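Now for the letters of each chain:
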Amino acid sequence: MFLISGLGNPGPRYARTRHNVGYEVIEHLHQRLNFPAFRSFKKGAVSRGAIGEHDVVLHRPSTFMNLSGESVAPTARYYRIPPERVLVVHDELDFDPGMVRIKSGGGAGGNNGLRSIIQHFDPGFIRVRVGVGKPPSGREGADHVLSAFHPDERPLIDEAIVVAGEALEAIVRHGSFAQAAKHLNKTQSAVSYAIAQFEEALGVACFDRSGHRARLTDAGRLILEEARGVLAGARRIDGLAHQ
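Small disclaimer: the values here were computed from a predicted structure and weren't measured.

Time to look at the layout of surface pockets. Reported here for the largest pocket is a volume of approximately 340 Å³. The wall of the largest pocket is formed by 19 residues, among which His 19, Gly 110, Asn 111, Asn 112 and Val 145 lie closest to the centre.

Laid out in structure tokens, this is it:
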């Protein structure tokens, strides 16, 4: 059995803020996997289902971020889930918006939610870190994580939520972080090659046959922007393979 916990702050005031990206990943998985309705449990909410052959508990603490361990720890202990099968999704200030990285074990890294889980449970859980960007100059980190995403950042975050969900599913389906990482590493060269080919085609598409920059129609410009968006997503997925 696996526990997948998304961190955040409860209540509509904090919905879709940077600190609540973990909640959004859990909601995405809940809808995608068609799990049953959430029920209150151990200072949080849980929904139990399956991914492949493995039982899974989706979880979101109802505590504030800095008290996340008061919900994650008793939930994991109730279901007798070891730390290496506890997957925690959280925001990461050190990464650009939309970047997703996976890490096994470690410290809190300045995240109060992780600090609380380590204090009440164990540091050996898996972290799926979703980049939300550093605060601009002169702004406190605490204010930044409680702010909404800029409209230009929102598409990157929406894509990252999907990528994070895919990473979580990969870990569960392969039975462990180590096996999922091994699988991702096998796909790295193929994905990197595809990205390189796509980049070359995209560059060529910007020029006409005489080597001058092409004058794009509005439709062509939209297609080019869509292609660049797909390429950005592929780069982020390829980044997972390097972990």
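Position of Asn 20 relative to the elements: it lies in the loop between β1 (2-6) and α1 (21-33). A polar contact of 3.3 Å, which involves the side chain of Asn 20, links it to the backbone oxygen of Tyr 14. Those residues in contact with Asn 20 that lie beyond four places of it in its chain are Leu 7, Gly 8, Asn 9, Tyr 14 and Ala 15.

So, about the environment of Val 56. Structurally, Val 56 is set in strand β4 (residues 54-61). Judged by its relative accessible area of 0%, Val 56 falls in the buried class. If sequence neighbours within four positions are ignored, Val 56 has contacts with Phe 2, Ile 4, Phe 35, Ser 47, Arg 48, Gly 49, Ala 50, Ile 51 and Val 172.

To continue, consider unusual backbone geometry. Of note in the backbone geometry, Arg 16 takes a positive phi value of approximately 65 degrees without being a glycine. For Arg 16, the location among the structural elements is in the loop between β1 and α1. Unusually for a residue other than glycine, Lys 42 sits at a positive phi of about 50 degrees. One can find Lys 42 in the loop between β2 (39-41) and β3 (44-51).

Before going further, it helps to spend a moment on the sheet that holds strand β6 (residues 100-104). Here we have seven strands laid out as an open sheet, ordered β2-β3-β4-β1-β5-β7-β6, and mixed in their pairing. Two strands in the sheet have a free side with no partner beyond their single neighbour: β2 and β6. Going across the sheet, the axis of each strand differs from the next one's by a mean of 30 degrees, ignoring polarity. The pairing of β2 with β3 spans three bridges and is antiparallel. Paired with Arg 39 across the strands is Val 46, a residue of β3. Helix α2 (residues 69-78) contacts β1, β2, β3, β4 and β5 (86-92) of the sheet and is inclined by roughly 160 degrees relative to β4.

Across all of its chains, the model carries ten salt bridges by this definition. Here Asp 94 makes a salt bridge to Lys 134, at a shortest N to O gap of 3.0 Å. Separated by 40 residues along the polypeptide, Asp 94 in the loop between β5 and β6 and Lys 134 in the loop between β7 (126-131) and α4 (141-145) bring together distant segments of the chain. Of the two residues, Asp 94 and Lys 134, neither departs from the other in class, the shared state being exposed. Because the salt bridges share partners, they merge into one network encompassing Arg 16, Glu 24, Arg 154 and Asp 158.

In this section: the nonpolar core. Judged by nonpolar contacts, the single largest core of 33 residues is most densely connected at Ile 4, Val 56, Leu 58, Leu 87, Leu 168 and Ile 171. It is helix α5 (residues 154-174) that provides the largest number of residues to this core, a total of nine residues. When neighbours within four sequence positions are excluded, Leu 168 is seen to be in contact with Ile 4, Val 25, Leu 29, Leu 87, Val 89 and Val 128. One finds Leu 3, Ala 76, Val 86 and Phe 121 within the second-largest nonpolar core, a separate group that totals 18 residues.

What counts as what
- Residues numbered from 1 in each chain as written.
- Predicted model: local features only at pLDDT ≥ 70, side-chain atom pairs only at ≥ 80, totals over all residues.
- Heavy atoms only, no water.
- 1 Å grid on protein atoms, 1.4 Å probe; cavity = no way out; pocket = protein on both sides within 12 Å on 5 of 7 lines; lining within 4 Å.
- Points joined across faces, edges and corners; volume = space filled by probe spheres on them.
- Helix = DSSP H or I, 4+ residues; strand = E, 2+ residues; numbered from the N terminus.
- Polar contact = N/O pair within 3.5 Å; in protein donor to acceptor, adjacent residues only side chain to side chain.
- Contact = heavy atoms within 4.5 Å.
- Buried < 20%, exposed > 50% of the residue type's maximum accessible area, 1.4 Å probe, protein only.
- Pairing = 2+ DSSP bridges.
- Axes fitted to C-alpha atoms, helices over the stretch in contact; angles between N-to-C directions.
- Salt bridge = Lys/Arg side-chain N within 4 Å of Asp/Glu carboxyl O.
- Core = buried A, V, L, I, M, F, W, Y, C linked by side-chain atoms within 4.5 Å.

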